[in-house]
Amino acid sequence: MSITFRTEIVLADIDAHGLTLAGSVEPVDLPKISSLVDVARQDAVAGPDGAQFHVDVAADLKVTPMGKPRHWRVSGNIAGSIPLVCQRCLELTDVDVSGEIALALVASDVDDDALAAAVPDAERWDHDAETLVIGDLIDEWILLELPMVVAHERLEQCGELAKRLDGAAAQADTQTPFAGLAGLMANKTQ
């Protein structure tokens, strides 16, 4: 049997040896991210050909038992990018979703202090089910890592809308609505 990122893994079965899974993560493996990307494509006002934008994610993960029942460590790397709508220009931009993953996969009734002492370098990830789909875990991790506001890294990379709005904002900064008020007030008091 071939294990993929969509394979439902019985966690008790990997207690003896652990599991290593590496490769390209297909959009079908990331249903929430794929839905987000589909909405972004529909919402984008313009920009490069949509065929250039696709979910491009790879993962190299290890699931290892931590020596106690229902305790596993998920560690490794996720690298890639996903297209989302830039909030300055409303065009698609690739958002980097790369990073190291270090999770302590434990039952929700595990004491926080004991877990933090045992695994100080891993984030707690409550998981009460007996099975795990690695693709779902990656999907959730990417969602949590996305920036609050999506934008091109630099304004120069943005489309025409952002450049026009930036020019209008700069012009508004130079024109103050009450600039002539001081002169009018001086004339009135004379």
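The structure reproduced in this document is the subject of the present report. Residues take numbers from 1 onward in each chain, read along the sequence in its written order. Restriction of local features to residues with pLDDT of at least 70 applies here, the model being predicted, together with a cutoff of 80 or more for giving and counting side-chain atom pairs; totals for whole chains, interfaces and linings are based on all residues. Just so you know, side-chain values use all the structure's heavy atoms and leave hydrogens and water out.

1. A word on helix α1 (residues 31–43)
Going along the chain from the N terminus, every DSSP run of H or I of four or more residues is numbered as a helix, and every run of E of two or more is numbered as a strand. Under the convention used throughout, the expected extent of a helix is 1.5 Å for every residue step, that is, one less than its residue count. The terminal C-alpha atoms of α1 lie 18 Å apart, and with 13 residues this matches the ideal 18 Å at 1.5 Å per residue to within 8%. Pairs of residues are marked as contacts when any of their non-hydrogen atoms sit within 4.5 Å. Elements that come into contact with the buried residues of α1 comprise β4 (71–85), β5 (92–96) and α3 (134–145).

2. Observations concerning the pairing of strand β7 (residues 123–126)
Of the pairings in the sheet, the one linking strand β6 (residues 99–106) to β7 comprises 4 bridges and is parallel in character. If you follow Leu105 over to β7, its bridge partner there is Trp125. Whether a crossover is right-handed comes down to one check: with the strands pointing away from the viewer, does the path from the first strand over the helix to the second run clockwise; if it does, it is right-handed. In the classification by handedness, the crossover that spans β6, the intervening helix α2 (residues 112–118) and the parallel β7 is right-handed. Two strands make a pair as long as DSSP finds a minimum of two bridges between them.

3. A word on the nonpolar core
Note on soluble globular proteins: their nonpolar side chains tend to be buried together. Within the largest apolar cluster, 38 residues are counted, with the highest numbers of intra-cluster contacts made by Val57, Ile82, Ile134, Ile138 and Ile142. Secondary-structure elements contributing two or more residues to this core are β2 (19–25), α1, β3 (56–65), β4, β5, β6 and α3. Those residues within four positions of Ile134 in sequence are excluded, and the remaining contacts are Phe5, Thr7, Ile9, Leu21, Leu61 and Val63. Among buried residues, those of type Ala, Val, Leu, Ile, Met, Phe, Trp, Tyr and Cys that are joined through side-chain atoms within 4.5 Å constitute a nonpolar core. With a 1.4 Å probe rolled over the protein chains alone, any residue whose accessible area is under 20% of its type maximum counts as buried; one over 50% counts as exposed, and the rest are partly exposed.

4. Concerning the pattern of salt bridges
When a carboxyl oxygen of Asp or Glu is within 4 Å of a side-chain nitrogen of Lys or Arg, the pair counts as a salt bridge. This structure, assessed with the given rule, holds 7 salt bridges. Where Asp136 meets Arg6, a salt bridge forms, and the shortest distance between an N and an O atom there is 2.8 Å. Here Asp136 is found in helix α3, whereas its partner Arg6 is found in the segment before β1 (8–10), with 130 residues between them in sequence. On the accessibility criterion, Arg6 (31% relative accessible area) is partly exposed.

5. Side note on the pairing of β4
Extensive coverage of β4 is indicated by the burial of 11 of its 15 residues. By the bridge criterion, 10 bridges tie β3 to β4 in an arrangement that is antiparallel. Bridge pairing in β4 places Asp56 opposite Ser81. Linking two consecutive strands that pair antiparallel, namely β3 and β4, is a turn of 5 residues; a positive phi of about 90 degrees is found at Gly67 within it. Judged from the 8 bridges that link them, β4 and β6 form a sheet pairing that is antiparallel. When the bridges of β6 are listed, Arg73 appears paired with Ala104. With 5 bridges connecting them, β4 and β5 associate as antiparallel partners. Its bridge partner lying in β5, Val85 is registered against Leu92. Where β4 folds back on β5, the antiparallel hairpin that results is connected by 6 residues, among which Leu90 adopts a positive phi of roughly 65 degrees.

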